[in-house]
Amino acid sequence: MPVVSEVPAGDDQDVHGRGAAQPGGPSPRDHAFPDPAAPQGHGFPQGAGFPWNPAFPPGPGPGPGYGPGTGPGYAPGPGHGPGFGPGREPGHGPGHGPGQEQGFRYDPAYPAPAHAHASPPEPGPGEPGFHPSAPHDQTPPHEHPQEPMSSPSQPPAAPPPPRRQQSRQKKSAGRDLGAAIGVGVGLGAVVIASLFIWKPAFVAVVVVAVVVGLWELTSRLKERKEIKAPLIPLAVGGAAMVVAGYVRGAEGAWVATALTALAVLVWRMTEPPEGYLKDVTAGVFALFYVPFLATFVTMLLAPDDGPWRVLTFLLLTVVSDTGAYAVGWRFGKNKLAPRISPGKTREGLAGAIAFTMAAGALCMEFLIDDGVWWQGLLLGLAVAASATLGDLGESMIKRDLGIKDMGTLLPGHGGIMDRLDSLLPSAPVVWLLLALFVGTG
């Protein structure tokens, strides 16, 4: 595209082609070529501006009209009229159109035509404004190349996010906390009501929890490992074990456990022998893991102060889980068992121990007959350890099965087994220590 050549700088024109301010009005050089009706050529391209030649009035920028452009004119100073294209330096007034090239100096002696749609032709040899030393299609001397500007049609780049949003994310529990609290409160209400209103009702609650837990465990074993532990003898025998522990104590619980294990072995014989060993092994494991440990809960219920013993057992286990979560979520940095449960920390374990020992001292002092506070400290320490080991044990099982939760029955918690993981191992610990401290009643 043709480019206007540079005019040599004189007394009234600087090296950029800008007319120097003269006292008393325009200089003779400004009126050297008073032909405003000179033929027009193509418009100036977007990019760097070129020196103003009064003999050839400039055409518009990329857009029509004489309205204000997108930037100031080229030369600084107070405005005397509309400029002829927006530039990037302060100018005399509004631009000649929405162009994006550098503007040119406005000379009041030669106003722009009403409709200038094309740029002037390039002057040839012998014509005014011709300078043989200025190369064509090059940036005039002493002009810095114009940086490309973004197209007006393109949306502006989004600003960078604030520093507050770039800070580390807040820790999250990873579950629906509202649903978890609601379900926990509901289960607690059912347990407390059945515990203090009618003891057999609480035994029924334990039986339902055991049967549902066995169903979840055997279902996950079958889905993930193709292990077919017989559910029917486990469910029937598990319910019998829980009732026997309440009615006949430890002796009744042991007898029911042995009969249930035998029933598992016999029941599996009705199917093909392939996989028999792994199926009955998984069945016996499920038998001891769920219903056998649950019998200690009903054995705690049997004495006269049984509801308070069971309440102590439940409170200490819940306090252990809550203290571990609260302290670990806020201060946890050192992983306790990263290969088993990455969310557990040593700081959380310390919180569980501290909170549970304090709760144990209070429970032994105010809830258990003939209990002493220092016994509660030992009880709380033991429950914190057993609850943590029970949680890690089920995490080990779930990692081996490749699942996150044992079920989806309890919103915000997972399955029944996800709530029994710390309760089941703690039941024999509490039963044994209370039997040593205050007897079996």
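Rules used in this analysis
Residues numbered from 1 in each chain as written. Predicted model: local features only at pLDDT ≥ 70, side-chain atom pairs only at ≥ 80, totals over all residues. Heavy atoms only, no water. Helix = DSSP H or I, 4+ residues; strand = E, 2+ residues; numbered from the N terminus. Contact = heavy atoms within 4.5 Å. Areas by Shrake-Rupley, 256 points an atom, 1.4 Å probe, with all protein chains shown as cover. Patch = residues over 30% accessible without salt bridge, like charges linked within 9 Å, V, L, I, M, F, W, Y side chains within 5 Å. Salt bridge = Lys/Arg side-chain N within 4 Å of Asp/Glu carboxyl O. Buried < 20%, exposed > 50% of the residue type's maximum accessible area, 1.4 Å probe, protein only. Axes fitted to C-alpha atoms, helices over the stretch in contact; angles between N-to-C directions. Parallel < 35°, antiparallel > 145°, perpendicular 65-115°, else oblique. Nonpolar A, V, L, I, M, F, W, Y, C, P; charged D, E, K, R; others polar. Core = buried A, V, L, I, M, F, W, Y, C linked by side-chain atoms within 4.5 Å. Expected span 1.5 Å × (residues − 1). Bend = angle between axes of the 7 residues up to and from the residue. Pairing = 2+ DSSP bridges. pLDDT = per-residue confidence, 0-100.

*Asks:* Please explain the overall build of the protein as it appears in this structure.
*Replies:* Helix and strand content of the protein: 10 helices and two strands. Along the protein, helices and strands appear, N-terminal first, in the series α-α-α-α-α-α-β-β-α-α-α-α. Nonlocal contacts in the protein, meaning residues at least 24 apart in sequence, comprise 67% of its contacts between residues at least 6 apart. When the accessible surface of the protein is totalled, it reaches about 23200 Å², and 65% of it is carbon and sulfur.

*Asks:* Just to check I follow, could you spell out a nonpolar patch on the surface for this structure?
*Replies:* A cluster of nonpolar side chains, namely Ile 192, Phe 196 and Trp 308, defines an oily patch on the protein surface of about 270 Å² accessible area. Among the structural elements, Trp 308 can be located in helix H6 (residues 306-331). Given the relative accessible area of 38%, Trp 308 is considered partly exposed.

*Asks:* Help me understand the pattern of salt bridges in this model?
*Replies:* Any two side chains of opposite charge can pair, so long as their charged atoms come close to each other. What the rule picks out here adds up to six salt bridges. With its nearest N and O atoms 3.1 Å apart, the salt bridge here joins Arg 309 to Asp 305. With relative accessibility at 10%, the residue Asp 305 sits in the buried group.

*Asks:* Is there a simple way to think about the packing of helix H4 (residues 231-268) against helix H5 (residues 276-301) in this case?
*Replies:* When two helices pack together, their arrangement is given by the angle between their axes and by how far apart the axes lie. Running from N to C, H4 and H5 cross one another at 170°; their axes reach a closest spacing of 9 Å. The angle between H4 and H5 places the two elements in the roughly antiparallel class. Across the contact of H4 with H5, the residue classes tally to 20 nonpolar, eight polar and two charged.

*Asks:* Just to check I follow, could you spell out the nonpolar core for this structure?
*Replies:* Most often, soluble globular proteins keep nonpolar side chains buried together rather than apart. Among the nonpolar cores identified, the biggest contains 59 residues, and Phe 313 and Leu 379 are the most heavily contacted of them. The dominant element in this core, judged by the number of residues it contributes, is H5, at 13 residues. Dropping the residues within four chain positions of it, Leu 379 is found in contact with Thr 312, Leu 316, Met 364, Val 430, Leu 433 and Leu 434.

*Asks:* Even after reading the chapter, I still don't get H5, so can you show me in this structure?
*Replies:* In an α-helix, one turn spans 3.6 residues, which is why side chains three or four residues apart end up on the same side. Here H5 contains 26 residues, and its C-alpha end-to-end distance of 37 Å stays within 8% of the 38 Å for a straight helix at 1.5 Å per residue. At Phe 288, H5 shows its largest bend, some 30°, and a proline, Pro 291, comes one to four positions later. For H5, a buried count of 19 out of 26 residues is recorded, marking the element as mostly surrounded by other parts of the structure.

*Asks:* Any chance you could explain unusual backbone geometry here in plain terms?
*Replies:* Excluding glycine, most residues fall at negative phi; most peptide bonds, likewise, are trans. In the Ramachandran plot, Glu 226 falls in the positive-phi region, its phi being about 60° despite a non-glycine side chain. Mapped onto the elements of the fold, Glu 226 is located in the loop between helix H3 (199-225) and H4. A relative accessible area of 61% means that Glu 226 is categorised as exposed. Of note in the backbone geometry, Asp 370 takes a positive phi value of approximately 65° without being a glycine. With respect to the helices, strands and loops of the structure, Asp 370 is situated in the loop between helix H7 (346-366) and helix H8 (373-401).

*Asks:* Help me understand the pairing of strand E2 (residues 341-345), please; the structure alone is not making it clear to me.
*Replies:* Look at any regular strand and the pattern is simple: side chains alternate between the two faces of the sheet. Two strands pair when backbone bridges link them, and strand E1 (residues 335-337) and E2 are joined in this way by two bridges, in the antiparallel orientation. Looking at E2, one finds that Ala 337 is bridged to Ser 341. Linking E1 to E2, which pair antiparallel, is a turn of three residues.

*Asks:* Before we go on, may I ask you to explain the confidence of the model for the protein in this structure?
*Replies:* Confidence along the protein averages 75 in pLDDT terms, with 60% of residues attaining 70 or more. A low-confidence stretch, residues 112-119 stays under pLDDT 50, and its non-local contacts, those more than four residues away or across chains, total 26 contacts. A low-confidence stretch, residues 164-173 (pLDDT under 50), is modelled with eight contacts involving residues beyond four sequence positions or located in other chains.

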